[in-house]
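One-letter residues, chain by chain:
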Amino acid sequence: MRPFGTTIFAEMSALAVRTGSVNLGQGFPDTDGPTAMLDAAAAAIRGGRNQYPPGPGVPELRTAVSAHQKAFWGLDYDPDGEILVTAGATEAIAATILALCEPGDEVVCFEPYYDSYAASIALAGAVRRPVTLRVVDGRYAFDPAELRAAFGPRTRLVLLNSPHNPTGKVFTAEDLAQVAALCAEFGAYAVTDEVYEHLVFTDAAAAHVPLAGLPGMRDRTVQISSAGKTFSCTGWKVGWVCGPRPLVSAVTRVKQFLTYVNAGPLQPAVAVALNSPPSYYEQVRDDLQCKRDRLCEGLTEAGFAVLRPEGTYFVTADITPLGGTDGVEFCLALPERCGVVAVPTQVFYDNVDAGRRLVRFAFCKRDEVLDEAVTRLRRL
Ligand SMILES: *Cc1c(COP(=O)(O)O)cnc(C)c1O
């Protein structure tokens, strides 16, 4: 683990605190999730649900995850044996990679990638095979030939995050079909990080489609999601894994020695949130879509070349029109220059040049915070 320093999010959040900057770096919301969920958590703590929950997670949460999968994505998972509750998506990703990869196995992933992927792959002694998402006509896309070339005899799994952090890309049906075909051809598993499953904007070119729903994929896919983003409770670290029994069993084997169990009283509260009516999810999306538009407009006015996201609560922007040539330098100077913190996305690439001039802003913040950030950025 020597090559891995402090995560960029911790570093930039500390910089924000130190300089009194508006922090659009780390992606955490600044408002709370549904009241019914918060009340249920308080009631669970007061009601004595404070000891180790069952290893796979409390039954009502596994049942709620199962019902949610069915209602939104038409996927069937048995709460007994095909669903495992984890300490956020982060633990789910780590446990899954550790469960499925032997040292030297290869993991295909799209870069820029969420920073825990590289670390989890390294912990398993596996090797990452990045496929670069590049901006073509204002949208992030991959080259199908590059994707095919990343697969080989040692490919064990492909790690797919859609909607994608940090680019905001929603993988299209065609993208997913290519991934599925290669998994079948090379006998690889798929691990899907779907923490932004409910954050696809109404003007996106594609709706969210779980890879597990494609023909032949259910039996080779471990699907991962979490409450943190959908229900504005990133500090709770309640996530889950859904998949065929043998894979979930393997992941459970690892998870039991990482954390054993987690978040006992919060699990029933997340079940309450998951059982929210569809209108709740639509409201969350609509609110964030307004925030996206608000920040994108402001960033454009401030001089950035904005890459409008189709999903997630992040926007990436090119700093070239502002005279920037390196995102790290730009982001380190930004608090001094105008009191705003952003994250350089080059740290999420192996091929650093592909992301050298891109920075990421989070818009999961109150409107007045976004407006203040824009006012400051216009001084650039
Ligand atoms: C936030 C995030 C996670 C981590 O989710 P937790 O539930 O907080 O562990 C995983 N993947 C992506 C793409 C994320 O943005």
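Predicted, not measured: the structure shown is a model, and the values here were computed from it.

(A) Structural view of the overall build of the chain. When its secondary structure is counted, the chain shows 13 helices and 15 strands. Its C-alpha radius of gyration of 20 Å places the chain within 12% of the 21 Å reference for a compact globule of 380 residues. Structurally, the chain occupies a C-alpha span of about 55 × 55 × 40 Å along its principal axes. Burial analysis of the chain (380 residues in total) assigns 56% to the buried set. Within the chain, residue pairs in contact and separated by at least 24 positions form 74% of the contacts whose partners lie at least 6 positions apart. As presented, the chain carries roughly 15100 Å² of accessible surface, and 53% of it is formed by carbon and sulfur atoms. Between the centroid of the 35 positive side chains of the chain and the centroid of its 43 negative side chains there is a distance of 4 Å.

(B) Seen up close, the side chain of Thr-312. Tracing the backbone through its elements, the reader meets Thr-312 in the loop between strand S11 (305-307) and strand S12 (314-318). Each residue touching Thr-312, except ones within four places of it in the same chain, is listed here: Pro-163, His-164, Asn-165, Gly-168, Tyr-196, Leu-199, Phe-201 and Phe-363.

(C) The arrangement of the site of the ligand in detail. Around the ligand, the neighbouring residues are Gly-88, Ala-89, Thr-90, Tyr-114, Asn-161, Asn-165, Asp-193, Val-195, Tyr-196, Ser-226, Lys-229 and Lys-237. One nitrogen or oxygen atom from the main chain of Ala-89 is found 2.8 Å from an oxygen atom belonging to the ligand. If the ligand stood free it would expose 390 Å²; the protein chains cover 94% of that surface. Each residue belonging to the shell around the ligand can be placed in one class, and the counts come to four nonpolar, five polar and three charged.

(D) The packing of helix H1 (residues 8-19) against helix H12 (residues 327-338), seen in detail. One can describe the packing of H1 onto H12 by two numbers: an axis separation of 10 Å at closest approach and a directional angle of 20 degrees. When the interaxial angle is binned, H1 and H12 end up roughly parallel. In this structure, the crossing between H1 and H12 has a hand that is right-handed. Facing Met-12, Leu-15 and Thr-19 of H1, the residues of H12 in contact are Cys-331, Leu-332 and Pro-335. Its residues placed into classes, the contact of H1 with H12 shows five nonpolar, one polar and no charged.

(E) Geometry of the packing of aromatic side chains. Per the counting criterion, the structure on display carries 19 aromatic pairs. With a centroid separation of 5.5 Å and 75 degrees between ring planes, the pair formed by Tyr-52 and Tyr-260 is classed as edge-to-face. Placement of Tyr-52 in the loop between helix H2 (35-46) and helix H3 (59-73) and of Tyr-260 in the loop between helix H9 (245-258) and helix H10 (266-274) is noted, with a sequence separation of 208 residues between them. Relative to Phe-186, the ring of Phe-151 lies with its centre 5.5 Å away and its plane at 40 degrees, an arrangement referred to as tilted. Taken together, the residues span a long stretch of sequence, with Phe-151 in the loop between helix H6 (144-150) and strand S7 (155-161) and Phe-186 in helix H7 (residues 173-186) at a distance of 35 residues. What makes Phe-151 buried here is its relative accessible area of 7%. The structure contains a cluster of three or more aromatic residues connected by ring pairs, namely Phe-72, Trp-73, Phe-231, Tyr-280 and Tyr-281. Of note, Arg-360 hangs over the ring of Phe-314, and the distance from its end group to the ring centre comes to 3.6 Å. Taking the ring centre of Phe-28 as reference, the NZ or CZ of Lys-365 above it sits at 3.7 Å.

(F) Unusual backbone geometry, seen in detail. The linkage connecting Ser-162 with the following residue, Pro-163, adopts the cis geometry, with an omega of -10 degrees. Note on placement: Pro-163 falls in the loop between S7 and H7. Note that the residue after Asn-165, namely Pro-166, is joined by a cis bond; omega there is 10 degrees. You can see Pro-166 is positioned in the loop between S7 and H7. For Ser-232, which is not glycine, the phi dihedral falls at a positive 50 degrees. Tracing the sequence through the fold places Ser-232 in the loop between helix H8 (227-230) and strand S10 (239-242).

So, how was this worked out
Residues numbered from 1 in each chain as written. Predicted model: local features only at pLDDT ≥ 70, side-chain atom pairs only at ≥ 80, totals over all residues. Heavy atoms only, no water. Helix = DSSP H or I, 4+ residues; strand = E, 2+ residues; numbered from the N terminus. Rg over C-alpha atoms; globule rule 2.2 N^0.38 Å. Buried < 20%, exposed > 50% of the residue type's maximum accessible area, 1.4 Å probe, protein only. Contact = heavy atoms within 4.5 Å. Areas by Shrake-Rupley, 256 points an atom, 1.4 Å probe, with all protein chains shown as cover. Lys, Arg positive; Asp, Glu negative; His and termini not counted. Charge placed at Lys NZ, Arg CZ, Asp CG, Glu CD. Near = heavy atom within 4 Å. Polar contact = N/O pair within 3.5 Å; in protein donor to acceptor, adjacent residues only side chain to side chain. Nonpolar A, V, L, I, M, F, W, Y, C, P; charged D, E, K, R; others polar. Axes fitted to C-alpha atoms, helices over the stretch in contact; angles between N-to-C directions. Parallel < 35°, antiparallel > 145°, perpendicular 65-115°, else oblique. Left-handed = near helix turned anticlockwise from the far one by under 90°. Phe/Tyr/Trp six-rings, centres within 6.5 Å; stacked < 30°, edge-to-face > 60°. Lys NZ or Arg CZ within 6 Å of the ring centre and 35° of its normal.

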